[in-house]
Amino acid sequence: MTLKPISVLAASVVASTALANPFYTNTLDMTSFAQDILEERLSMAGPLFNGWEQTYKMGDPWLVAAGGINKAKHFDDEDGYKTKFAGGYAGYDHGIGDFRIGLAINAGGGKITGINIDELDVKTKWWGTNLYSTWKGKKVNVIANVGYLRTYDKSENELFNKTESRAITAGLKFETSFMVGPVSFVPYYGVRFTHLKGEGFDALDDQSGDISIHSKTAKLWQFPVGVNAGYEFTCGGGWKTRTFLDLGIVPTVGDRKVKNYTEFASSDSRIANTFLYKGQFGLETSKGQHAFGLNYRTAVANHGRFNQALTLNYQFMY
């Protein structure tokens, strides 16, 4: 057998390392999605508040079902990916004075396919947990959470066997509320930290056979800021309803690109955008001890980034 020059192998391997970035990006998307759901639940724009008055008394179990599609057409030059996912989120929280403390779990799965990367055909699944809390002051509502999420990715072809990624997260969100005529406004600002780490995988390269690909650990800081505007009314039967529009932007700093490396070569691949623009439209309704919500959300950014999802939630208040 004739060995190929290292320079030839390097060119092939650098192209292969682009396969690593969708796994980190998917893990980041799923953990950010879980944080969004927790923050929205405890927000002053949600059913737990009536202006500055807390409507809950003791404890609340809750459920959320979600599904969506995340896409980036050219995250690395012309290479991109598309992820279809569905998941469930459940938790319980308890009020203690001006504080509220809870625990949530989430799990789901989906499929990652390549855009201009024909070999990328991957089944993905994940599970995670979050500890969360809120505190209501005189002029501000503060929401905090810490969490862990683990994703499992397995190729549907002979590209590689499987890989895993892990995320440790922490976040704080600050919000207030005021009325302008019949419309309630909830401006907010937050900070999130995410630590991403992957297991690596063995990829099948056309020229050099199996190649072990690893990604450096990534640390990201995100600073979501925006405003939620809603109009409240009472439907027939006494259902208190709020329809809302939420617009925001998420600046991100830190390891937006991660270094992927093998024995022969290395390259950087993008896992996050500098700015992500988010929008959400929804309807929340409650009566007595029951509350329901239906929300559509989307996010866009450069490099052909477009995310969209639909969530349905329920909670029981007592």
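Bear in mind the structure is a predicted one, so any value in this text is a computation, not a measurement.

Thresholds applied
- Residues numbered from 1 in each chain as written.
- Predicted model: local features only at pLDDT ≥ 70, side-chain atom pairs only at ≥ 80, totals over all residues.
- Heavy atoms only, no water.
- Helix = DSSP H or I, 4+ residues; strand = E, 2+ residues; numbered from the N terminus.
- Buried < 20%, exposed > 50% of the residue type's maximum accessible area, 1.4 Å probe, protein only.
- Pairing = 2+ DSSP bridges.
- Core = buried A, V, L, I, M, F, W, Y, C linked by side-chain atoms within 4.5 Å.
- Contact = heavy atoms within 4.5 Å.
- Phe/Tyr/Trp six-rings, centres within 6.5 Å; stacked < 30°, edge-to-face > 60°.
- Lys NZ or Arg CZ within 6 Å of the ring centre and 35° of its normal.
- Salt bridge = Lys/Arg side-chain N within 4 Å of Asp/Glu carboxyl O.
- Patch = residues over 30% accessible without salt bridge, like charges linked within 9 Å, V, L, I, M, F, W, Y side chains within 5 Å.
- Areas by Shrake-Rupley, 256 points an atom, 1.4 Å probe, with all protein chains shown as cover.
- pLDDT = per-residue confidence, 0-100.

Student: Would you mind showing me how to read unusual backbone geometry here?
Tutor: One can expect most non-glycine residues to show negative phi and most peptide bonds to be in trans. Unusually for a residue other than glycine, His 303 sits at a positive phi of about 65°. When you line up the elements, His 303 lands in the loop between strand S19 (290-301) and strand S20 (305-316). Its relative accessible area of 23% is what places His 303 among the partly exposed residues.

Student: What is the right way to look at the pairing of strand S16 (residues 257-261) in this model?
Tutor: On a regular strand, each side chain points to the face opposite its neighbour's, so the side chains alternate between the two faces of the sheet. In S16, alternate side chains face the same way, and those of Val 258 and Asn 260 are buried while those of Lys 257, Lys 259 and Tyr 261 on the opposite face are not. When S16 meets strand S17 (residues 266-270), the two strands line up antiparallel, connected through five bridges. Residue pairing for S17: Val 258 is matched across the bridge by Ser 269. Adjacent in sequence and paired antiparallel, S16 and S17 are bridged by four residues.

Student: Any chance you could explain the nonpolar core here in plain terms?
Tutor: Proteins that are soluble and globular tend to have nonpolar side chains buried together. Ranked by internal contacts, the top residues of the largest apolar core, which has 17 residues, are Phe 33, Ile 37, Trp 62, Phe 85, Tyr 89, Trp 126 and Tyr 132. Those elements giving two or more residues to this core turn out to be helix H2 (21-42), strand S3 (59-76), strand S4 (79-96), strand S6 (121-136) and strand S7 (141-155). For this core, the element with the most residues is H2, which contributes six residues. In contact with Phe 33, other than residues within four places in its own chain, are Ala 66, Phe 85, Tyr 89, Arg 297, Ala 309 and Thr 311.

Student: So what exactly am I meant to see when it comes to the packing of aromatic side chains here?
Tutor: A ring pair, where both rings are aromatic, is described by two values, the distance of the centres and the angle of the planes. The full count for this structure, using the stated rule, is ten aromatic pairs. Consider the rings of Tyr 231 and Phe 233, whose centres lie 5.9 Å apart with planes at 25°: the pair is stacked. We classify Tyr 231 as partly exposed; its relative accessible area is 39%. Taken together, the ring pairs connect Phe 33, Phe 85, Tyr 89 and Trp 126 into an aromatic cluster. In this arrangement the basic side chain of Lys 173 is found over the ring face of Tyr 188, its NZ or CZ atom lying 4.4 Å from the centre.

Student: What should I look at first to understand the pattern of salt bridges in this one?
Tutor: Oppositely charged side chains may form a pair once their charged atoms are brought near each other. Tallying each qualifying case throughout the model produces 14 salt bridges. The residue Asp 60 makes a salt bridge to Arg 41 at a minimum N-O spacing of 3.6 Å. Pair noted here: Asp 60 is in strand S3 and Arg 41 is in helix H2, with a separation of 19 residues, a long-range link. The same class applies to Asp 60 and to Arg 41, which are both buried. Across the salt bridge formed by Glu 164 and Arg 150, the nearest N and O atoms sit 2.5 Å from each other. On the criterion of sequence distance, the pair formed by Glu 164 in strand S8 (residues 162-175) and Arg 150 in strand S7 is long-range, its members being 14 residues apart.

Student: Explain a nonpolar patch on the surface here, please?
Tutor: A contiguous nonpolar patch, built from Ile 96, Phe 99, Ile 101, Leu 103, Leu 131, Trp 135 and Val 146 and spanning about 660 Å² of accessible area, is present on the exposed surface. Within the residue set of the nonpolar patch, elements represented by two or more residues are strand S5 (99-115) and S6. Mapped onto the fold, Leu 103 is located in strand S5.

Student: What's the story with the confidence of the model for the chain in this structure? I'm lost.
Tutor: Regions with low pLDDT should not have their predicted coordinates read in detail. Looking at the chain as a whole, the pLDDT averages 84, with 85% of positions reaching at least 70. Per-element confidence in the chain is highest for strand S13 (residues 218-222), whose mean pLDDT is 96, and lowest for helix H1 (residues 6-17), whose mean pLDDT is 42. Below a pLDDT of 50 lies the segment residues 1-14, which in the model reaches 20 contacts outside its immediate sequence neighbourhood of four places, other chains included.

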